[in-house]
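Listed below, chain by chain, are the residues.
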Amino acid sequence: GQHWWSTHRSCGCRCPAWRPQCWPLNWMHATRFFTAGMFRTRTFRSGDFDYFLRMDTDLFFVQRPDVDPFSLMADRGCAMVYDTISREAPGCHDGFDEMTLAFMNRVRYPGLSDEELLHVGHGPAAAGGQWTIGDARLFASESYLGFADFAAPGIYRDRWADQLLLMRGLALFGPRSSAPVGALEPAG
């Protein structure tokens, strides 16, 4: 048979009629899980570890890594590691900046975000690749999860990828922002 991508339009189309065909529903459900659901599992809530590694099922190690990425992250104060940082394609981040501002207003965002992680060029920054290593404490925090929940409708409506939400969460609540990583209360 013919590969699915060769017979359907690719990411970046702005036509709402094509969006469900661009990214299947199971991909959107996985994106929702990777941005919030997995951080709410008993494993993450146990607090028994500081960092996590998430790999897509079609990726594997061919040899043992030369360094321990978790020790390296701890030594350097990193909150997330990825194989590339890029700008998300037009049509794949429609309304994302506006949603972020609405979230910040809703919770009366109390700090300064990491400006270098907000945008790359003229679009929101995205961490690309088929794996993510991150700080479990940051991504399981009520602050980040509140943001992920607020942004979740855009996964289904606008095809926002997990890499967008993770990078924006890092910009808002990571080590180079000045926002506290506790529970943010919605504005009265």
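Residues numbered from 1 in each chain as written. Predicted model: local features only at pLDDT ≥ 70, side-chain atom pairs only at ≥ 80, totals over all residues. Heavy atoms only, no water.

Among the nonpolar cores identified, the biggest contains 38 residues, and Phe39, Phe139, Tyr144, Phe147, Leu165 and Phe173 are the most heavily contacted of them. Among the secondary structure elements, those contributing two or more residues to this core are helix H6 (96-106), helix H7 (115-118), helix H8 (136-139), helix H9 (142-158) and helix H10 (162-173). Sorting elements by how many residues they give to this core places H10 first, with 8 residues. For Phe147, the contacting residues outside a window of four places in its chain are Phe96, Met99, Thr100, Phe103, Leu165, Arg168, Gly169, Leu172 and Phe173. (Core = buried A, V, L, I, M, F, W, Y, C linked by side-chain atoms within 4.5 Å. Buried < 20%, exposed > 50% of the residue type's maximum accessible area, 1.4 Å probe, protein only. Helix = DSSP H or I, 4+ residues; strand = E, 2+ residues; numbered from the N terminus. Contact = heavy atoms within 4.5 Å.)

The next thing to look at is the packing of aromatic side chains. Centre distance and the angle of the planes are the two values used to describe a pair of aromatic rings. Under the defined criterion, the tally for this structure stands at 16 aromatic pairs. Arranged with centres 5.3 Å apart and planes meeting at 70 degrees, the rings of Phe44 and Phe49 form a pair that is edge-to-face. The exposure class assigned to Phe44 is buried, which follows from its relative accessible area of 13%. Summarising the aromatic geometry, the rings of Phe52 and Phe139 are spaced 6.1 Å apart at their centres and angled 85 degrees between planes, so their arrangement reads as edge-to-face. Note that Phe52 is positioned in strand S1 (residues 51-55) and Phe139 in helix H8, a separation of 87 residues in sequence. According to the relative accessible area criterion, Phe52 is buried, its value standing at 6%. Classification of Phe139 as buried rests on a relative accessible area of 0%. (Phe/Tyr/Trp six-rings, centres within 6.5 Å; stacked < 30°, edge-to-face > 60°.)

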